[in-house]
Amino acid sequence: MLEIKKLISGAVADCVQQMNPQASLDAEAVQNMLEYPPDPKMGDLALPCFKLSKLLRNAPVKIAGELAAKLSVPAVARAEAVNGYLNIFLDDGYLADRIVPEVLTKGTKYGAPDFGEGKTVVLDYSSPNLAKPFHIGHLGTTVIGHSLKKLHEFAGYKCVGINYVGDWGTQFGKLIVAFKKWGDREAVEQNGIDALVDLYVRINNAISGNAEQGIPADPALADEARAEFLKMEQGDEENLALWRWLVEKTLKANDEIYHQLGITFDSYKGESFYTDKMPAQIQKLRERELLKIDDGASIVDLEAYGMPPCLILKRDGSSLYPTRDIAAAVYRKDTYDFDKAIYVTSAGQSLHFAQWFKVVELMGYDWADKLVHVPYGTVSINGAKLATRTGNVILLRDLFALAIDKVAAIMEEKNPNLEDKNKIAEAVGVGAIVFYYLSNNRIRDINFIMEDALSFDGNTGPYVQYTYARTCSVLTKSGEYDRGAKLTVTVPEEAELVKVISRFEETVREAIDAYEPSVITRYILDLAGSYNRFYHNCSILGAENEAIKNTRLALTEAAKTVLGNAFDLICLAKTEKI
Ligand code: ARG
């Protein structure tokens, strides 16, 4: 559609030139004025002519009328002037002949913008704290982050996905205390993460107490945990060996989740990696006279910017979360020379990012404006808020398992003879969760309702995956067809489908500009809806003649290709059969 918009914009610019030879208006400016009307009765594109009134010194109604009379391009079937708008109706046949062959030739590259060529983007996402359970709260950063990576890759960027694992901090002190008190190496080797989650929950209950379970609070344990962590920081080999082993176990457990989601990372350099990279930045902060001592701690005062101070060093000299992030950003700039560095975390961390981004700017790094924080809202399940410190956590793994089981049961009813049932149930179960999650604007809080996510009829993952499988099955049944033949568009459903397909690249651009995968999810629903309307109203294999049948098969293949490309962008598996 971008190409067609360009063509039309050029023609409109020429008309404007004729209407006022002194007026200079380029095609790009016209293109930026074009809108998609909310109602197809108002055309496929519309030009609000009040935007030209000043230039042409004329009333919008007059301008629209004149343009409607003058505009003549093959792409446009007719143009109407309505209330100062120029409503443009595209020629269905022209559009189909431009768009469908392009989709079929470009395949997995169809819709890909190229503005990222030669540039690098670093994405920091997922990044769980390793000693803690990997729960549903991490779903957001993991799937939004990976989707942003896919989107940027699609636009030509070289992308580096970094899992900045929280592999350092007092939580390891807690786990070490718990392990030394109650742990059993054998149990951890056998049950892996489950045994560690038990220990984590138990130590937190013991420190803060749990009235329900009759456990009194024992704050001394927190001191013990801090002491164990301090030993780690001072290089105590026994604790470090235990730490390495705990990190390895948790990483392995997380890998299963990433595998189910089809996600891989390019780097796992976590917080511990930056320990020796912080002093240089602290030195720089000092040289620039940015550090202030406040009650023994070192801070950067951000009052002038309307923010509380950024904590750099604690009273005891130990470093903090922002300090590590600053050191990591400098390292990443030196290593990857990024054009953008994207951080995906819950909105709860927005202040943290705003603060240290400001500090990086004050330090004089000229790339401070290339740091981008992408926040997202909270998740609850069936209305229940999630607690992370007590036993009441919903592990991502358990959520996936539940979804997979439910999908398997539904499939058993619908299609008991399906081959590879387990694999498909996994793709659809996990896909249902991913799709449901990404259907909302990322900043909105989400209440997860399992029934809704798993339904095969609503606006869900199973529904769109089912639609994809439908396109595959039509093409398998048809066998070879003439992919190069001229297209014959005869019914509105076909024209509508081509229009939705033609908007894919613009949709991708919009999703990247707004760091918003839900733009793609919504597009997928539009495309699936449009394909299904076409499928139900047009006989494909039984079409009245070869030319029409051929057109419908080409449309099916185009829909399949674009659905597939869009699925890839949001980590949704392409299921050929369901
Ligand atoms: N580990 C942190 C957490 O679980 C998220 C890290 C986000 N990335 C960053 N560079 N700070 O809350």
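Note that this is a predicted model, so its numbers are computed, not measured.

**Things to note about the sheet that holds strand E2 (residues 76-82)**
One open sheet holds the three strands; their spatial order is E1-E3-E2, and the pairing between them is antiparallel. Edge positions in the open sheet fall to strand E1 (45-48) and E2, since each of these has one partner strand only. The sheet shows a mean angle of 20 degrees between the axes of neighbouring strands, taken without regard to direction. As judged from the six bridges shared by E2 and strand E3 (residues 85-90), these two strands associate in the antiparallel manner.

**Concerning helix H22 (residues 546-569)**
In this model, H22 (24 residues) spans 35 Å end to end at C-alpha, consistent with the 34 Å of a helix rising 1.5 Å per residue. Taking burial as the measure, the 24 residues of H22 include 19 buried ones, the bulk of the element. Sitting at the amino-terminal end of H22 is Asn545, which places a side-chain oxygen 3.1 Å from the backbone nitrogen of Ala547. Phi turns positive one or two residues past the end of H22, at Cys571, with a value near 60 degrees.

**Regarding the packing of helix H6 (residues 139-154) against helix H20 (residues 504-513)**
The N-to-C vectors of H6 and H20 enclose an angle of 125 degrees; their axes lie 10 Å apart at closest approach. Judged by the inter-axis angle, H6 sits oblique to H20. Crossing of H6 against H20: the hand is left-handed. Residues Leu151, His152 and Phe154 of H6 touch H20, and the partners they reach there are Phe504, Val508, Ala511 and Ile512. Looking at the contact of H6 with H20 residue by residue, the class counts come to six nonpolar, one polar and no charged.

**Structural notes on the site of the ligand**
Near the ligand you find Asp124, Ser127, Asn129, Tyr164, Tyr321, Asp325, Tyr343, Thr345, Gln349 and Phe353, and these make up its full shell. Take Asp124: an N or O atom from its side chain is 2.9 Å from a nitrogen atom of the ligand. Contact between the ligand and Tyr321: a nitrogen atom at 2.8 Å from a side-chain N or O atom of the residue. Coverage of the ligand by the protein chains reaches 88% of its 350 Å² of free accessible surface. Counting only elements with at least two residues in the shell around the ligand, the list comes to helix H13 (321-336) and strand E9 (340-346). Its residues assigned to classes, the shell around the ligand comprises four nonpolar, four polar and two charged.

**Notes on the packing of helix H11 (residues 237-261) against helix H15 (residues 396-414)**
H15 packs onto H11 with a crossing angle of 40 degrees between their chain directions and a minimal axis gap of 10 Å. In terms of axis orientation, H11 runs oblique to H15. By crossing handedness, the relation of H11 to H15 is classed as left-handed. Here Ile257, Gln260 and Leu261 of H11 come into contact with H15, specifically with Leu396, Arg397, Phe400 and Ile404. For the contact of H11 with H15, the residue count by class is five nonpolar, one polar and one charged.

**Section: the state of the cysteines**
One pass over the structure, following the stated rule, counts zero disulfides. Counting only cysteine sulfurs, Cys49 is the nearest neighbor of Cys15, a cysteine outside any disulfide, at a range of 11 Å. Judged by its relative accessible area of 6%, Cys15 is buried. Residue Cys472 stays outside any disulfide, its sulfur separated by 19 Å from that of Cys538, the closest cysteine.

**Section: the nonpolar core**
Proteins that are soluble and globular tend to have nonpolar side chains buried together. Core analysis: the largest hydrophobic core is formed by 130 residues, its most contacted members being Leu47, Leu67, Leu71, Tyr437 and Phe448. Sorting elements by how many residues they give to this core places helix H16 (residues 421-438) first, with eleven residues. Sequence-distant contacts of Phe448, that is, excluding residues within four places in its chain, are made with Ile136, Leu139, Val379, Ser380, Ile381, Asn382, Ile433, Tyr436, Tyr437 and Ala453. Counting residues in each nonpolar core, the second largest holds 34 residues, with Leu290, Ala327, Phe353 and Leu371 among its members.

**Details of the packing of aromatic side chains**
Overall, the coordinates contain 26 aromatic pairs when judged by the stated rule. Seen in terms of ring centroids, Phe134 and Tyr258 are 5.8 Å apart; in terms of plane orientation they differ by 65 degrees. Their pairing is edge-to-face. A residue pair is termed long-range when its members are at least 10 positions apart, and Phe134 in the loop between strand E4 (120-124) and H6 and Tyr258 in helix H11 qualify at 124 residues. For Phe134, a relative accessible area of 7% corresponds to the buried category. Here Tyr258 falls in the buried class, since its relative accessible area comes to 2%. Three or more aromatic residues joined by ring pairs form one cluster here, namely Tyr125, Phe134, Tyr258, Phe265 and Tyr268. Over the aromatic face of Phe89 sits the side chain of Arg78, whose NZ or CZ is 3.9 Å from the ring centroid.

What counts, and at which threshold
- Residues numbered from 1 in each chain as written.
- Predicted model: local features only at pLDDT ≥ 70, side-chain atom pairs only at ≥ 80, totals over all residues.
- Heavy atoms only, no water.
- Pairing = 2+ DSSP bridges.
- Helix = DSSP H or I, 4+ residues; strand = E, 2+ residues; numbered from the N terminus.
- Axes fitted to C-alpha atoms, helices over the stretch in contact; angles between N-to-C directions.
- Expected span 1.5 Å × (residues − 1).
- Buried < 20%, exposed > 50% of the residue type's maximum accessible area, 1.4 Å probe, protein only.
- Polar contact = N/O pair within 3.5 Å; in protein donor to acceptor, adjacent residues only side chain to side chain.
- Parallel < 35°, antiparallel > 145°, perpendicular 65-115°, else oblique.
- Left-handed = near helix turned anticlockwise from the far one by under 90°.
- Contact = heavy atoms within 4.5 Å.
- Nonpolar A, V, L, I, M, F, W, Y, C, P; charged D, E, K, R; others polar.
- Near = heavy atom within 4 Å.
- Areas by Shrake-Rupley, 256 points an atom, 1.4 Å probe, with all protein chains shown as cover.
- Disulfide = S-S within 2.5 Å.
- Core = buried A, V, L, I, M, F, W, Y, C linked by side-chain atoms within 4.5 Å.
- Phe/Tyr/Trp six-rings, centres within 6.5 Å; stacked < 30°, edge-to-face > 60°.
- Lys NZ or Arg CZ within 6 Å of the ring centre and 35° of its normal.

Don't take any of this as a statement about function, it's just geometry.
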